[in-house]
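Each chain, written out:
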Amino acid sequence: MKKCKMVYLVLHFETIDETIKCIESIRAKDDTEGNYHVVVVDNASKNGSGPKLLDMYAQDEHITVILNDRNLGFSGGNNIGFHYIKEHFDPDFIMMMNNDTELLQSDYYRSISEEYKRSHFAVLGPEIILKDGSVCKDPKQIIKLDEIDREKKRTKKELLKNYLMIESIHLVLYKYLHRLRIWQRIKEKRHEPIINDPYMENVRLHGCCLIFSPVYIEKFDGLDNRTFLYAEEEILFVRLIVHNMKSVYDPQIKIYHAERAATGAVFGDIGYKKRRFVYQKHLEVLKVIEELYQENFEALKEYIL
């Protein structure tokens, strides 16, 4: 087993250019003086990009590419890499990254190590810089218990509109209205300055980049795998609270995420069948979250009531 200061875990699916950019940013910004490794997990890409990555990095001592024989979803795919890391490396930290993220700083290991000495965190989340230069304002709290039923009703309505094709019409209208300059002027006029989130502890973190410390690595072999995708952040936060582990959001540590800021426009770019799949999975996730809340009510009540 090899001792490593940092192991970067990158989940790949089809978009090979983004994965290469992610890896190259790690090469450029890693500050461990070569004491790092990158584990890329191809989640059964259908376009042949997984084997291409395997060939591309076959001779690179710092990079391992794993090919899954089927798509295991977000948690399942990352867990393959997490297990591999624990079997082959003894890392100080594991940085789990989406393949559409890139490192921005040249002091990650130093900054993460200093924060770990200070707070003894289990999982750390960085500030996320989006494509348009804004900072991701992802919710730092999990959904409240009384919001679950409302979210179920909302999702069922969207699912019904999807079946009736009404949803597609709404998304097309939104897409083009969003582009109108007059609409942009109205938005700018009503726009209020955004205050970026400060340093926070015991909050929900964004799943595009999660940094795991020895506190977490020694106890768990990855993420809770009961959902295929979506709401991994909520489920992880529940796990941390139940096990008295600390999460930290540190805006001094930053990462770039090539996710579009206009979520509605992105959603309109995928087909109605995929949107239907998203709604169905979201309903399944809400059921899982509700069950988790019921199982761990006493530990969670100050967060969910």
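Report on the accompanying structure. (Residues numbered from 1 in each chain as written. Predicted model: local features only at pLDDT ≥ 70, side-chain atom pairs only at ≥ 80, totals over all residues. Heavy atoms only, no water.)

### Some thoughts on the overall build of the protein chain
When its secondary structure is counted, the protein chain shows 12 helices and nine strands. Sorting the 305 residues of the protein chain into buried and exposed places 51% on the buried side. By sequence separation, contacts in the protein chain at least 24 residues apart represent 84% of the contacts at least 6 residues apart. (Helix = DSSP H or I, 4+ residues; strand = E, 2+ residues; numbered from the N terminus. Buried < 20%, exposed > 50% of the residue type's maximum accessible area, 1.4 Å probe, protein only. Contact = heavy atoms within 4.5 Å.)

### Comments concerning the environment of Glu61
Turning to its location among the elements, Glu61 is positioned in the loop between helix 2 (49-56) and strand 3 (63-67). Overall, the relative accessible area of 65% leaves Glu61 in the exposed class.

### Examining the pairing of strand 4 (residues 89-98)
Among the 10 residues of strand 4, eight are classified as buried, and the element is accordingly described as predominantly covered. Bridging between strand 1 (residues 2-12) and strand 4 involves nine bridges; their strand directions are parallel. What sits directly across from Val7, in strand 4, is Ile94. Relative to strand 8 (residues 209-212), strand 4 runs antiparallel, the two being bridged by four bridges. Within the sheet, the bridge partner assigned to Met95 lies in strand 8 and is Ile211. (Pairing = 2+ DSSP bridges.)

### A short note on the state of the cysteines
Any covalent bond linking the sulfur atoms of two cysteines counts as a disulfide. Under the counting rule described, the total for this entry stands at zero disulfides. This cysteine, Cys22, is not joined by any disulfide, and Cys209 carries the nearest cysteine sulfur, 9.0 Å off. Accessibility expressed as a relative area gives 0% for Cys22, which makes it buried. There is no disulfide at Cys136, and the cysteine sulfur nearest it, in Cys208, is 6.8 Å away. (Disulfide = S-S within 2.5 Å.)

### Digging into the nonpolar core
Residues Tyr8, Ile26, Val38, Met95, Met97 and Ile112 are the most contacted members of the largest nonpolar core, which totals 33 residues. If we skip the residues at most four places from it in the chain, Val38 touches Tyr8, Val10, Ile23, Ile26, His62, Ile63 and Thr64. (Core = buried A, V, L, I, M, F, W, Y, C linked by side-chain atoms within 4.5 Å.)

### Description of the pattern of salt bridges
Counted by the stated rule, this structure contains 21 salt bridges. With its nearest N and O atoms 3.9 Å apart, the salt bridge here joins Lys3 to Asp90. Here Lys3 is found in strand 1, whereas its partner Asp90 is found in strand 4, with 87 residues between them in sequence. Here Asp90 falls in the partly exposed class, since its relative accessible area comes to 38%. The salt bridge partner of Asp221 is Lys86, with a shortest N-O separation of 2.8 Å. Of this pair, Asp221 sits in the loop between helix 8 (214-217) and helix 9 (232-242) while Lys86 sits in helix 3 (residues 73-88), and the two are 135 residues apart along the sequence. Given the relative accessible area of 24%, Lys86 is considered partly exposed. Among the charged side chains, a salt-bridge network with shared partners connects Glu115, Arg118, Glu201 and Lys246. (Salt bridge = Lys/Arg side-chain N within 4 Å of Asp/Glu carboxyl O.)

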